[in-house]
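# Chain and residue survey
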Amino acid sequence: TIEKFWDVWDVDTRGLLRRFQDGRLLEIDGDSVRFHDDQILYLSARTNDQETRNSELLDTHRPPSGHWHDLPHNDRYMWNHLVRHLIKASAYNVLDELSGDIDWIAQHWFLNGPSAVDRDPQLLSQQDDARHRAHKMLRRVRGIGHLMRGMKELSPVANTLALHLSNLGSSDDL
């Protein structure tokens, strides 16, 4: 993710990351990079126009189809942080679509487990009132989570969610 984003500015990403690692500002484990909390706070404070930076990051990762559920499964960072970046980019229309995208919800559950699917609707639901689709999704997912425990394949997860979330946009929720 870092390499994909920084390459836009023709930066020697790996060299810069090694310098950060030498300065103990981050940890590198294979292809995984973890910035220390203080470094994240520093970079955030030093970055002008966070909304634009987050929009640029999203633009570099947006799947060619334009649908976030088409993110490659190996792009773990974006699967785990997409909602946060959309919020920081003030992409509220995309957040609203995402809160009803059963394909995205099912893949997110399958890849990252129930806690991720619980966390992101909580973030989404902070953006609007209790009638918002994200609130409805959060209540439904919490109510059916037990049905998907132990499922090892995406298809049964997707089918279960589709069955229980299919009328999410309707006013007769719960």
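Up top is the structure these notes are about.
Here goes a summary of the coordinates provided. Quantities reported herein were computed from a predicted structural model and do not represent experimental measurements.

Thresholds, definitions, all that
- Each chain carries its own residue numbering, running from 1 in the written order of its sequence.
- In view of the model being predicted, local features appear only for residues whose pLDDT reaches at least 70, and side-chain atom pairs are presented and counted only at 80 or more, with totals across whole chains, interfaces and linings using the full set of residues.
- To obtain the side-chain values, all non-hydrogen atoms of the structure were used and water was disregarded.
- Helix and strand assignments follow DSSP, with helices taken as H or I runs no shorter than four residues and strands as E runs no shorter than two, numbered in order from the N terminus.
- Here's how the labels work: a residue is buried when its accessible area is under 20% of the maximum for its type, exposed when over 50%, partly exposed in between, all with a 1.4 Å probe on protein chains only.
- Residues are treated as being in contact if the distance between any of their heavy atoms lies within 4.5 Å.
- Here, axes are lines fitted to C-alpha atoms. For helices the fit covers the stretch in contact, and angles between N-to-C directions go from 0 to 180 degrees.
- Oblique is the label for every angle not falling under 35 degrees (roughly parallel), over 145 degrees (roughly antiparallel), or within 65 to 115 degrees (roughly perpendicular).
- In a left-handed crossing the near helix is turned counterclockwise from the far helix by less than a right angle, and in a right-handed crossing that turn is clockwise.
- Nonpolar core, defined: a set of buried Ala, Val, Leu, Ile, Met, Phe, Trp, Tyr and Cys residues in which side-chain atoms within 4.5 Å join the residues together.
- For the purposes of these results, a polar contact is taken to be a pair of N or O atoms within 3.5 Å, where, inside protein, one atom must be able to donate a hydrogen and its partner to accept one; residues adjacent in sequence count only when each atom of the pair is a side-chain atom.
- In a helix, the anticipated span is given by 1.5 Å times the number of residues less one.
- Bend is computed residue by residue as the angle between axes fitted to the seven residues ending at the residue and the seven residues starting at it.
- Just so you know the grouping, Ala, Val, Leu, Ile, Met, Phe, Trp, Tyr, Cys and Pro go in nonpolar, Asp, Glu, Lys and Arg go in charged, and all remaining residues, Gly too, go in polar.

### Observations regarding the overall build of the protein
A tally of regular secondary structure across the protein gives 10 helices and two strands. The linear arrangement of helices and strands in the protein, starting from the amino end, is α-α-β-β-α-α-α-α-α-α-α-α. Within the protein, buried positions represent 37% of all 174 residues. Restricting to contacts in the protein with at least 6 residues of sequence separation, those with at least 24 account for 52%.

### Overview of the packing of helix H7 (residues 102-112) against helix H10 (residues 154-165)
When two helices pack together, their arrangement is given by the angle between the helix axes and by the axis-to-axis distance. For the pair H7 and H10, the least separation of the axes is 9 Å and the interaxial angle reads 135 degrees. What the angle tells us is that H7 and H10 run oblique. Considering the relative orientation of H7 and H10, their crossing is right-handed. Here Ile 102, Ile 105, Ala 106, Gln 107, Trp 109 and Phe 110 of H7 come into contact with H10, specifically with Leu 154, Val 157, Ala 158, Leu 161, Ala 162 and Leu 165.

### Regarding unusual backbone geometry
Here Ser 90, not a glycine, exhibits a phi torsion of approximately 55 degrees, which is positive. In this fold, Ser 90 is placed in the loop between helix H5 (76-88) and helix H6 (92-98).

### Structural notes on the nonpolar core
Counting residues in hydrophobic clusters, the biggest one holds 28 residues, and the most contacted among them are Trp 68, Leu 82, Leu 86, Trp 104 and Leu 161. Taken together, the elements giving at least two residues each to this core come down to H5, H6, H7, helix H8 (114-125), helix H9 (133-144) and H10. When residues of this core are assigned to their parent elements, the largest contribution, six residues, is made by H5. If near-sequence neighbours (up to four positions away) are discounted, Leu 86 is found in contact with Leu 58, Trp 68, Ala 91, Val 94, Leu 95 and Leu 98.

### Thoughts on the side chain of Asp 101
Along the chain, Asp 101 falls in the loop between H6 and H7. Here the side chain of Asp 101 touches Asp 103 through a polar contact of 3.1 Å, landing on its backbone nitrogen.

### So, H5
Over its 13 residues, H5 runs 19 Å from end to end, which matches the ideal 18 Å to within 8%, given 1.5 Å per residue. Considering bend angle alone, the principal kink of H5 is centred on Leu 82 and spans about 60 degrees. For H5, the full list of buried residues reads Met 78, Trp 79, Leu 82, Val 83, His 85, Leu 86 and Ile 87. A positive phi of about 55 degrees marks Ser 90, the residue just after H5.

### Observations concerning the packing of helix H4 (residues 50-61) against H5
Contact pair H4 / H5: the axes reach a minimum separation of 9 Å and the direction vectors enclose 140 degrees. Considering the angle they form, H4 stands oblique to H5. Both H4 and H5 take part in a crossing whose hand is left-handed. In this structure, H4 uses Gln 50, Glu 51, Asn 54, Leu 57, Leu 58 and His 61 to contact H5, whose residues at the interface are Met 78, Leu 82, His 85, Leu 86 and Lys 88. Its residues assigned to classes, the contact of H4 with H5 comprises five nonpolar, four polar and two charged.

Note that every value here comes from positions in space, so none of it alone points to a role or purpose.
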